[in-house]
Every structure is written in C-alpha cells, then in structure tokens.
Amino acid sequence: MSIIGIATLLLVGAEAFAPIRPASSRRFAPRMMSAPPSNKNVEQTLSTTREEVMTFSYDMSLEPEFEKPTYPGTGNGLGGEEGEYDVIVIGSGMGGLACGALNAKYGKKTLVLESHIKPGGSAHTFSRMHNGGKYSFEVGPSIFEGLDKPSLNPLRIIIDALGEEMPVKTYTGLGYWTPQGYWRFPVGSKQAFEDLLMEQAEDGPLAVEEWRALQKRLKTLGGSTLAVSLLNLRQDAGFLATTAGAAPYALTHPDVFTDLPLTFDSLHKTVDKIVTVPFLRNFIDTMCIFCGFPAKGAMTAHMLYILERFFEEGAAYSVPLGGTIEIANTLVRGLEKNGGKLTTNAHVDHIIVEDGRATGVVLKNGKKITAKQAVVSNATPFDTVKMLNLGKQELPEGVQVWKDSLGKLPRHGAILHLFLAIDATDLDLSHIDDPAHLIVQDWGRSLQDSQNLCSFFIPSLLDPSVCPEGKHVIHVYSSGGEPYEAWESMTPGSPEYEALKEERSQVLWQAVERCIPDVRERCEFSIVGSPLAHEAFLRRDRGTYGMAWAAGTSAPYAGLLKNILPFPFPNLKTPVDGLLRCGDSCFPGIGTPSAAASGAICANTMTPVADHIQMLRETAALHPDYKFMDPGFMANLYMPLVSSGTPSAELKVDLLGSPSPSVKTMGTPPTWDSK
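Reading the values: the criteria
Residues numbered from 1 in each chain as written. Predicted model: local features only at pLDDT ≥ 70, side-chain atom pairs only at ≥ 80, totals over all residues. Heavy atoms only, no water. Helix = DSSP H or I, 4+ residues; strand = E, 2+ residues; numbered from the N terminus. Buried < 20%, exposed > 50% of the residue type's maximum accessible area, 1.4 Å probe, protein only. Areas by Shrake-Rupley, 256 points an atom, 1.4 Å probe, with all protein chains shown as cover. Lys, Arg positive; Asp, Glu negative; His and termini not counted. Charge placed at Lys NZ, Arg CZ, Asp CG, Glu CD. Domains from an automatic or database assignment. Contact = heavy atoms within 4.5 Å. Buried area = accessible area lost by both parts, 1.4 Å probe. Salt bridge = Lys/Arg side-chain N within 4 Å of Asp/Glu carboxyl O. Polar contact = N/O pair within 3.5 Å; in protein donor to acceptor, adjacent residues only side chain to side chain. Axes fitted to C-alpha atoms, helices over the stretch in contact; angles between N-to-C directions. Left-handed = near helix turned anticlockwise from the far one by under 90°. Phe/Tyr/Trp six-rings, centres within 6.5 Å; stacked < 30°, edge-to-face > 60°. Lys NZ or Arg CZ within 6 Å of the ring centre and 35° of its normal. Pairing = 2+ DSSP bridges. pLDDT = per-residue confidence, 0-100.

Visitor: Which residues make up the overall build of the protein, and what values go with them?
Guide: The number of helices and strands found in the protein is 25 helices and 19 strands. Judged by the C-alpha coordinates and their principal axes, the protein covers about 70 × 60 × 55 Å. The 675 residues of the protein split such that 64% are buried. Of the accessible surface of the protein, which amounts to about 24000 Å², a share of 53% is contributed by carbon and sulfur atoms. Distance between charge centroids for the protein: 3 Å, based on 59 positive and 75 negative side chains.

Next up, the structure:
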C-alpha cells in the first residue's frame, strides 16, 4: 500500500471456552432476544436488513453493572516480575508480538506482557482431552492467504524479516453455502473466478464485464501495493525516506493522488456505480465482511489486496501446521532470539503516567515494571482506557477527553463459537475441496447478523496432528454481531445461561449440517463459546470483534488531514507521551495480517529512520519479491532532512548509553534459496 501508506502517515502524524458438554441431538429455532427499553445495540439485531450497517456502543467511563465471570484455563493474571526495559508491550496479539519482535530486532530491551496463559490473542489454539485423545481447536481467524511463500502479506514479510520459518499446508478455495446452494470461490486463477461468475451469476457475461470494470477502476490504487510495503510505514517525517521507493510509481501514475480519498472511503460507493449483478455484489460483501463490514462501511483499501493478490497464479490459503498458535509461536521465537521477553499470566492493572509521560506499568500482583522509551498497548481501545486509571494518578491535560472519546467508539458486536469433535468413520467429504467455509442464511438480512452469517473450519482435513486418527475437529463461529446485553447478567453454568447457549448456537450447528448432515450423531463432544467466554479468554471488552468506525468519515483523533481524507482509525500515538497503540483498532484494521502490520508500523515509529531503512534493505535482499521494499537511492536524499527528527521528540530517549540502538542484523542477508 505505498500511496495508501503515504496518505496514512500524513493523516496520522506529519484451555477451553466452557465445560465439555455432551453432543446435543435436540433442534431449536434461534430465540429472538428481547431488547431492553431504548437499547439500540439490541434493537438493531432483532430484524436486520442488508442495507443497514450495524455498530455497537458502550460508555467505558461507567462501571460495569454486572461482575465479569472468570474461567479456568485463562490464568489468574498474577505472574510477572519487576524490572526495567526500553519498551513494554501490553498484549501478545499479532500486533503486540510483531511490535515486540521488531523492537527487539532493532536492539531494544523489550518485554511483552500477556494476561492469558497463552500468547496470540485471537490467534491461538486450545486443546481438550477426550477418551485418551487430544483435540486442538482454533479460537479465531482461520483463513490466511500468502503465508506459504514470500508474498505481499505483511505477516509473512515480518516472519521473513525476523529470519523465522513456519510450516503450512495450502488449499485453493473457500466453500460457500448459500440459499441458492453450494459453490466454491477459487483463488490463484483469474480465469477460474470468471468461470464461476459465468456459472453462478444471474447474468454471467454482465457479471464478468462488471468485475473487469471494477478491477480497472481500482487498478492504479491496487498497483500501489507493489510500490511499497506496509512495513515501510512509520508515523513521523521519516516516512519520506522509507517510502521514497514509491516515487517512480507515483510519477508514472499521477491519478493515484486523485484517488487518495477513495482509498479510505466506503467501498460501496464505487461498487454501486459499477456492479449491478446480485451474485457479484454478494461476493464482494462477503470478501469485505472479514474486516467487520460489508462493502458498505468497509474501507476500499481492504479490497485492493484481494484484487491484486487473490487472482495471481499460485495464490493459496494456508493452514499453519499445529494450529494458528504456531503464528504466535513463530513471532515469539523472533522476539526471544533478539533478546526480547514474553511473560504470560501477567495482567496489567494500570499504566504508570508521571509528568505527562507513560513510564511503565503496575501488574495485578502489585509489581512495577518501568519503560525507558515507551509503553505500547496492543489491547483494544476499550481495554486500553481502563488501564489509564484517573483515580490513581494525574494525567496530562486533554487525556480525559481522549479517553472518553476512545471509550465510546463504535465497535462490532461479540462472536459466538461452537467447537466440535466428531467421529469421521465412513464420513464422505468428497463433495468439498477445502477446510474453510462461509454460510449465509438469507441474502436479504445483514451479513453482520450473528444469526445469519457464520463460518466453519475443519483444519484436520489438512493437518491430522490436531486430533486423533479417524476424527475431525471443527470450529464454527458467527459474524461479529452478537449482542452482549442478553448475556452480561448471566452466571456461567446456570440453567438460563446453558439454555441461551443452546438456543443461540443452533444456527452454527445448522451451518455444519449443510456439509455434514449427521454431524450431531457423529459428535463426540461439543463446546459452545458465548460472548462472556470470548471476552474472558481473548481479553476483549464485551467480547467485541473489534472497533467499527465505518469508512467514509474520519475517526476521532485520526490525524492532521482528517478533514481532507476520511481516515477511519484513531492515531497510534496518544496524548500521553510515550504511550502508543497497535492492533486491529489501528491502521490497517481488523485481520491477522493487518494487526501484525500495525505492530510493525508502531515499532518503526519508535526507531531512528536509519535503522528502519537498514531493516528494509535486509528484508528486500531476502527474496526477489521483496525488492520493492528497498527505498532506493532516493531515501538518501531525504535522510539529511528527516533523520534528526526520528523518532519524534517524545520518543527520543537514550536507551543503551548510545545515541540510538542499532538494528540487529542476521549477518549477510541470506537469499530465499539459501534458507
């Protein structure tokens, strides 16, 4: 996202979810939740339509009305020891681990603190023993493209930059179960997708024509993804040097500048002008929904990667062998081999602010850890503001307003999970080709509706290590539109709670039944994960899928040019000096690769631009597909102008008794063939 990245920088700166329960053979119709008086969060979910965009909102300045439940297997948060570090990262999600690992590579003494007993945030795996066999389940994202080889995927680039490897198996499609029946979205072939349009669309030739027109309209912006990587970005004047390699593309494609507002605007504005065929419009909406919104509300930038990458020959989805937790484990290896440290079961009670600056954290166990340069929160904005306790310390002027604004930001709803362990004896799955599937009940209802859209993933189709031989594990999960209100007053394990879990999860059972009709009879055991469990296990307030600022207008604290370009993310910097944010509430948004990229941008922002450029050149030398990351000779032209201002003044501190830390190299950068 080269030009996207430049605009972004201008904008922002110049072991289980529940106790095991026997498989149920009972069928229930999903119960409609009743809405408390004037509760818009719930009211909007009672009868949804495709045209409506759903967001949820809470006031984080108010004390919770109900006590939050705790679950065995998440840890008590009482770990962690006192110490002094250059950088403290709160949270080991993809953003936090990427930020921590790259800071360590840049030579900083880095500590990543994780409240849970496992790293990874939403990208981790839990296991259950049953009849002597071990079953491992995913808890979050399952669909990853571009992890099998060097690609534009920022997560893959980070793994390579750290000199790490992660074995995967690949597949080349996504199964769709819709009111019209089953079909498969193929990746890695432009022709195969157009063949699909001809076969499935109401008007095949027109659908192909409109698809090509959409590609043509976004071609210049899409091409910018090959001009410079998200890892080139930083939030200070140094970006002029680190993105200088994009200059030739910008000079030869001047229309990219007139398209800058479109980049951050809602995709539906472009789609509505070009696409009329319902099948194609439905497909585009489902591709966007992984970021939380359909095309209406989704940033156009989210579609650019899909248009540019998914149809390239050889593109494929990946399954990390051993489970999604292996992504986190890979980043942890990169952190630790560069001298960084991860401490799990260490819950942060609050962030220490002294004289207007974040200087460390106090853990739940009362121990204090100090940070010389910065504290980075990989928590959601809703969880971050809870760690700035006004009652315990004096905060800088303006922080209360900022805190209140972030605490009230719109968000996506919660997620429902269903984890299934099934007997695969004589199970014929020859009618499907892939482990990942998307299910839509009704195209007329909102795709954000948790009772309308869901996904299921069968990793054991490709990775038999996740369960005993002759079995399968399946993770089924709803879209991020489950209202929290009906759950928050309940006590886990109570009859009312168990009944609601059973009722609300029926749509998830029915989704799998589209593919495996006798799944309930085959089920060895099942686990339903409610929003309360999602909140407790993944440390996300009210189990939210993430922040939900719909594209089209600028979010609060979006940056200097927010009145010119509609940037839908708050700044990664904060009014508290030395306190930064990363994760899926920062650019480029929701999704494992995007969250990892936000961590990289944060780490770059804290680093002298010379060290950042050195890292880019080392990475560019690893593989021909990474050459575009080298900012080239033009970076040298900008260096005299920007080097003294990087990092920015509030982050420029003497860390190691020298003017700046130096990036840890891997010696002579190996080529990909030599790895």
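Visitor: How would you sum up the domain arrangement of the protein? Please name residues and give values.
Guide: Domain annotation of the protein identifies domain 1 (83–120 + 326–411 + 546–651) and domain 2 (187–229 + 241–317). Summarising the inter-unit geometry, the C-alpha centres of domain 1 and domain 2 are found 29 Å apart. With 26 residues of domain 1 in contact, the opposing surface of domain 2 contributes 23 residues. For the pair domain 1 and domain 2, the two sides together bury roughly 1700 Å², of which 75% comes from carbon and sulfur. Counting the surface domain 1 buries against domain 2, the share from its top three residues, Ala551, Leu565 and Phe628, is 30%. Where domain 1 meets domain 2, there are 0 salt bridges. At the junction of domain 1 with domain 2, the criterion picks out 2 residue pairs in polar contact (both at pLDDT 80 or more).

Visitor: An account of the packing of helix α4 (residues 154–161) against helix α15 (residues 325–337) is needed here, citing residue identities and associated values.
Guide: Running from N to C, α4 and α15 cross one another at 35 degrees; their axes reach a closest spacing of 9 Å. The two elements α4 and α15 meet at a crossing, and its hand is left-handed. Residue-level inspection shows Leu155, Ile158 and Ile159 of α4 in contact with α15, the latter providing Ile327, Thr330 and Leu331.

Visitor: I'd love a proper account of the packing of aromatic side chains, names of residues and values included.
Guide: In this description, a pair of aromatic rings is defined by centroid distance and the angle of the planes. Considering all chains together, one arrives at 25 aromatic pairs under this definition. With a centroid separation of 5.8 Å and an interplanar angle of 85 degrees, the aromatic rings of Phe310 and Tyr317 are classed as edge-to-face. As far as the burial class goes, Phe310 and Tyr317 line up, both buried. Among the aromatic residues, those joined into a cluster by ring pairs are Phe126, Tyr135, Phe137, Phe419 and Phe525. The positively charged end of Arg411 is found above the aromatic ring belonging to Phe382, 3.8 Å away from the centroid.

Visitor: How would you summarise the pairing of strand β3 (residues 125–130) if you had to cite specific residues and measurements?
Guide: Two strands pair when backbone bridges link them, and β3 and strand β4 (residues 133–138) are joined in this way by 6 bridges, in the antiparallel orientation. Looking across to β4, one finds that Met129 is bridged to Lys134.

Visitor: An account of the confidence of the model for the protein is requested, with residue identities and associated values reported.
Guide: Note that predicted coordinates carrying low pLDDT should not be read in detail. Residues at a pLDDT of 70 or more form 91% of the protein, whose mean pLDDT is 89. Segment residues 1–32 is flagged for pLDDT under 50; beyond a separation of four residues in sequence, or across chains, it makes 116 contacts in the model. Residue range residues 666–675 is modelled with pLDDT below 50. Its contacts to residues more than four positions away, or to other chains, number 22 contacts.

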